[in-house]
Amino acid sequence: MMTSRSLRASAATSARTAVAAFAAMLLGSFLLYGVGFAQPQQIHDAAHDARHSFAFPCH
Amino acid sequence: MDLFRRLFTAALVAGVLSGTAASVVQQVTTVPLILEAEKYEVVTPPPVAAAPVMVGPVAQAAMAALAPAPSDHAHHQAAAPVREIGEGVPTTAEEAFQRLWTTVVANLLAGVGYALLIGGVMLLMGERVDARRGLLWGLGGFVAFSLAPAYGLPPELPGMAGADLEARQLWWFAAAICAAGGLLAVAFSRIPIILAGGVLLAALPHLVGAPHAESAAGVVPPELAARFVALSLGTAALFWAVLGSVCGMMMSRVVGSDDHGDDGF
């Protein structure tokens, strides 16, 4: 039988998991935006061949 | 915070290994074709400069004869395209090296970015993963982020005709996210309505249709473009296979050890 304490503990665990997972996904999305989508000329030029190779729309 | 650090470590290893593998393979597959395609990049002369300069009554008669057909399309065909080597084609060893290392860095960042995304979703789904199951996740990543967008917007070489960039980026993003959502629904749900919704979600961007150029007026030889599509997708498949399996292995070793124990499959 689950006590209220262990319920709270498991809720805290899943909240921590969710926060870590969403933080990772946010950071990952930011990196991918930079590599694949950002338009400033220098970023575009640096990532040019990678964008074409990964089939991101580039030009 | 500790959990995030472990997740980040797993994604870093997976991203660096997959990005490195992709970098090596790209240099002998897609990059040579990109450099080749840049030789075909065309700069058409501006309309005014392209118009024939004629004087005298004969020339005026000739101009009048030409006058009925100056539609954009006819004019575009009339103007002789000037072929120029693309600005980005490296001419010195230094430029070539810079182009190489910025591409490698971009590949590593893409690897870490995708690994953070996949690792985060793995954690949210809460299913135990290992290298073998990670390979399945990698296959899913390939389908969602390479195959599904390419189904509407084939991997393109420099100099190919395309619709407005922002429209293509938006469609690419929608196709990837919808395919990822659809795959997760099909993989993790047993509820028929959610399964059907997942399939519909994945199909939706393709039913709407990808934005394409009004006329296929690209300058890259079709043989080159066809080879690029195959090589690009093949390289992406390798990248995702490495990323998924390493991510799965690292997640089980670094992240999942607390919650799931060590019982193997």
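Residues numbered from 1 in each chain as written. Chains lettered and ligands numbered in written order. Predicted model: local features only at pLDDT ≥ 70, side-chain atom pairs only at ≥ 80, totals over all residues.

Looking at an unreviewed UniProt entry, one finds chain B named Cobalt transporter and attributed to Azospirillum cavernae.

1. Comments concerning the packing of helix α8 (residues 165–188) of chain B against helix α9 (residues 192–208) of chain B
Residues and elements named next belong to chain B. The interhelical angle for the contact between α8 and α9, taken along N-to-C directions, is 165°, at an axis separation of 7 Å. Relative to α9, the element α8 is oriented roughly antiparallel. Seen from above, α8 lies across α9 with left-handed handedness. When α8 is examined against α9, the residues Trp171, Ala174, Ala175, Cys178, Ala179, Gly181, Gly182, Leu183, Ala185 and Val186 are found in contact with a partner set consisting of Ile194, Leu195, Gly197, Gly198, Val199, Leu201, Ala202, Leu204 and Pro205. (Axes fitted to C-alpha atoms, helices over the stretch in contact; angles between N-to-C directions. Helix = DSSP H or I, 4+ residues; strand = E, 2+ residues; numbered from the N terminus. Parallel < 35°, antiparallel > 145°, perpendicular 65-115°, else oblique. Left-handed = near helix turned anticlockwise from the far one by under 90°. Contact = placed C-beta atoms within 7 Å.)

2. Notes on the environment of phenylalanine 228 of chain B
Residue and element names in this part refer to chain B. Inspection of the secondary structure assignment puts phenylalanine 228 in helix α10 (residues 222–255). The class of phenylalanine 228 is buried, set by 26 C-beta atoms lying within 10 Å. Apart from the residues within four sequence positions on either side, phenylalanine 228 is in contact with Thr30, Leu33, Pro155 and Leu157. (Buried ≥ 20, exposed ≤ 12 C-beta atoms within 10 Å, placed from the backbone.)

3. Remarks on the interface of chain B and chain A
Tallying the contact residues gives 42 residues for chain B and 30 residues for chain A. When contributions to the side of chain B that touches chain A are tallied by element, the ones reaching two or more residues are α1 (2–28), α2 (30–38), α6 (93–125), α7 (131–152), α8 and α10 of chain B. In terms of residue count, α6 of chain B provides more of the side of chain B that touches chain A than any other element does, 16 residues in total. Class assignment for the residues of the side of chain B that touches chain A results in 25 nonpolar, 14 polar and three charged. (Nonpolar A, V, L, I, M, F, W, Y, C, P; charged D, E, K, R; others polar.)

4. A closer look at the environment of proline 155 of chain B
Following the sequence through the fold, proline 155 of chain B ends up in the loop between α7 and α8. With 148 residues separating them along the chain, proline 155 of chain B and leucine 7 of chain B place their C-alpha atoms 31 Å apart. Those residues in contact with proline 155 of chain B that sit more than four places away from it in its chain are Ala55 of chain A together with Ala150, Phe228, Val229, Ser232 and Leu233 of chain B.

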